[in-house]
Structure formats: C-alpha cells, structure tokens
Amino acid sequence: MKNINFSIGIIGCGNMGSAILRGLLSKGVVHAESILLNDIDKRKLEDLSLTSGCSKADLDNLVPNSDYIIIAVKPQDSEKLLKTIASMTVNHTIISVMAGITIEKISKIMGVHTPIVRVMPNMGALVKHSMTAIAFNQYVSNRDIVFKIFSSIGSVLEVEEKDMDAVTAVSGSGPAYLFYMASACFESAKKMGLKESVARELIVETLYGASTILRHEKIKSFNDLIAGVASKGGTTEAALNVFNKKGLNDIFIDALSQAKKRSEELNQKIV
Ligand SMILES: NC(=O)C1=CN([C@@H]2O[C@H](COP(=O)(O)OP(=O)(O)OC[C@H]3O[C@@H](n4cnc5c(N)ncnc54)[C@H](OP(=O)(O)O)[C@@H]3O)[C@@H](O)[C@H]2O)C=CC1
Ligand SMILES: O=C(O)[C@@H]1CCC=N1
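It should be emphasised that the depicted structure is a prediction, and the values quoted were computed from it without experimental measurement.

Caption draft 1: Region of the structure containing the UniProt feature "binding site: NADP(+)" (unreviewed entry) in the protein chain. The feature "binding site: NADP(+)" (unreviewed entry), as annotated in UniProt, sits at I11, G12, C13, G14, N15, M16, A72, V73, K74 and P75 in this numbering. Spatial clustering of the annotated residues is evident: they stretch over 65 residues in sequence, but the largest pairwise C-alpha distance comes to 14.0 Å. For G12, the position within the fold is in the loop between β1 (8-11) and α1 (15-26). By the C-beta count within 10 Å, which is 25 here, G12 ends up buried. Discounting residues that sit within four places of it in the chain, G12 has contacts with G17, D39, I71, A72 and V73. Inspection of the secondary structure puts V73 in the loop between β4 (68-71) and α4 (78-86).

The structure is reproduced here in structure tokens:
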C-alpha cells in the first residue's frame, strides 16, 4: 500500500492498540516515525516502542503531533482521558475503537464540531483478518484515510452508528464465541480419549476449513451449509439434535443480546 503523509497517535497500546499498530506498520500505511504511542502501563509502552520503532509520547506531545488520534483504552478509562485531550485538539480526527461509547458522548466532551470516527474492529486484527465496522460523524473530511488505516488489519465496512452496539455483540466479541466453541470441543474431545495435541489440531484445522468455506460460499445459506455436512440419520444430525433440544440457538440469541446491552451500558457510564 502506498505511503501517505499523515501522522497517527495511539492512546492505549494493549491488545487492540498494538494489533492496529502492527497492521499499520506491516502494510506500510505510515512509517514508524509518523506514529506516536501512549499508554499508562509504562512497561508495555516501552516494549512496544522498542519492538515497533515508534516513539513514546506524553499526551501533550502526542496530541498536537498526530493528525489522527486512535483511542484504544477501555471504555471505563475513557472519560478522564477524553477530558484531558479535549483542550489540546484542533481539527484532529478522533478515532475511537471503544465498545459502547457513542459519537455523541465523545463530541460532548471533545466539542461538537470535532471529527469523530467510531470503529469496531476485532481480534482478527492480529492476523490481518479483522472485520472492522466504521461509522463517521459529519465532520470527518478524509474518510479514505480512515478506511486505509483499518484496511491494514483486514476487512472494513461502513455502518450506521445506531447499529454499532449490535455490531459489537456480533463481530467485536465474535472471535471469543468461536474460541469458546473450540474450547468446548476440545474438552469433549479429551473426554472421548483423544490426545490434547490431536484434539487441538483437529479443532483448529476444522474451524479454519469451515471459515474458509463460509468465505467462499457467500450465497449459500448457513442452513444449506449445515445440510451439506449432516447426512440423513448420521453423526452430525445426532449432535445437532442435542443442540436443538437444549436450545443452543436461543442461548446464542440471549448471549449476544446481553453483549449488546452491555455495550449500551458502557456508554451510560460516562458523562
Ligand atoms: N480486545 C478486543 O478484541 C477488542 C477491543 N476493543 C476495544 O478496544 C479497547 C481496548 O481494548 P483492549 O486492547 O482489549 O484493552 P487492553 O486493556 O489490552 O488495552 C488498553 C490499554 O490502555 C491502557 N490505558 C488505560 N487507561 C489509559 C489512559 N488513560 N491513557 C493511556 N493508556 C491507558 C491500559 O493500561 P492498564 O492495563 O494498565 O489499564 C492498557 O494497556 C476497548 O475500548 C475495547 O472496547 C474493540 C474491539 C475488539
Ligand atoms: O469485550 C469487550 O468489551 C471488547 C469489545 C469487543 C471485544 N472486546
């Protein structure tokens, strides 16, 4: 990807902030010299700065020297931080990856005309396969740059901001649901006497194959894909009958709606 001349500050260099940083660098969206990093965990910051070649910066250095400021702290840590940087920003674009926190809440603190982008990536970012949903307010002038930034960690999709809590429940948290399923399959595989190494390889490669099919077969319904595996009177059907009898579908509906509700609650906790 062609390098474009702009600077980025990342505040919060944990799981997500560091995954975004790696994407930006590996795709050459910006050079390391154009990225400033900030985190209250000084050790984490030092390590990331050393391994990435990006400089650490205090907020009063990072903010004025960054065209785009990515906020990747936990939502619960955001209010004080936003208040601190509000007085230092002039025309900076604020990009929040925080679950729940609305553009309205951010602009209440930062100022109503602040360009704000609310983004929901996911942990696929670690392997450049994030699914990142993006919503803009009307003051963001260079949307292409925001798409470029997040294309460096995977796929991007513009959504309406009103859908962000549901998006968060589906794709933001989504990788964890699949890891949970992997873990449940792992436990049952061990119970059936399989060696851990064998069980893990079976599960990992099965998930990889299944998700590859999902990407290739975009027109097929999920039910048709299931039908392609479940032979009449066979083993898959026996397992699916248990899922249906125990209401696994309803469990998912309940779980994801709790995730969405939590996203809404996180927004209530600030200002
Ligand atoms: N993890 C994921 O899969 C996803 C996360 N997100 C969002 O990304 C954000 C970050 O999540 P994640 O990376 O998992 O969290 P992490 O806890 O891994 O990273 C957040 C980092 O920010 C630091 N921090 C806290 N307060 C401040 C502050 N005031 N100034 C600078 N740094 C600060 C934390 O330090 P300390 O640990 O010492 O508090 C920590 O190092 C969250 O808002 C989350 O909703 C969105 C999509 C997916
Ligand atoms: O669990 C969380 O709150 C964050 C947002 C989506 C994924 N991780």
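Caption draft 2: Main features of the sheet that holds strand β5 (residues 93-96). The strand order β3-β2-β1-β4-β5-β6-β7-β8 describes an open sheet built from 8 strands, whose pairing is mixed. Pairing within the sheet leaves two strands with one partner each, and these edge strands are β3 (55-56) and β8 (154-158). As paired elements, β4 and β5 share 4 bridges and run parallel to each other. Looking across to β5, one finds that I71 is bridged to S96. Of the strands in this sheet, β1, β2 (35-38) and β4 touch α1, which is tilted by about 155° from β1. The sheet contacts of helix α7 (residues 164-172) involve β6 (116-120) and β7 (130-136), and relative to β6 the element is tilted by about 35°.

Caption draft 3: Quick peek at the domain arrangement of the protein chain. What the domain assignment lists for the protein chain is domain 1 (8-161) and domain 2 (174-266). On a C-alpha basis, the centroid separation for the pair domain 1 and domain 2 is 32 Å. Contacts between the two partners involve 7 residues from domain 1, matched on the other side by 5 residues from domain 2. Taken together, the residues of the side of domain 1 that touches domain 2 break down into 4 nonpolar, 3 polar and no charged.

Procedures and definitions
- Residues numbered from 1 in each chain as written.
- Chains lettered and ligands numbered in written order.
- Predicted model: local features only at pLDDT ≥ 70, side-chain atom pairs only at ≥ 80, totals over all residues.
- UniProt positions renumbered as here; feature names shortened; annotations may be inferred.
- Helix = DSSP H or I, 4+ residues; strand = E, 2+ residues; numbered from the N terminus.
- Buried ≥ 20, exposed ≤ 12 C-beta atoms within 10 Å, placed from the backbone.
- Contact = placed C-beta atoms within 7 Å.
- Pairing = 2+ DSSP bridges.
- Axes fitted to C-alpha atoms, helices over the stretch in contact; angles between N-to-C directions.
- Domains from an automatic or database assignment.
- Nonpolar A, V, L, I, M, F, W, Y, C, P; charged D, E, K, R; others polar.

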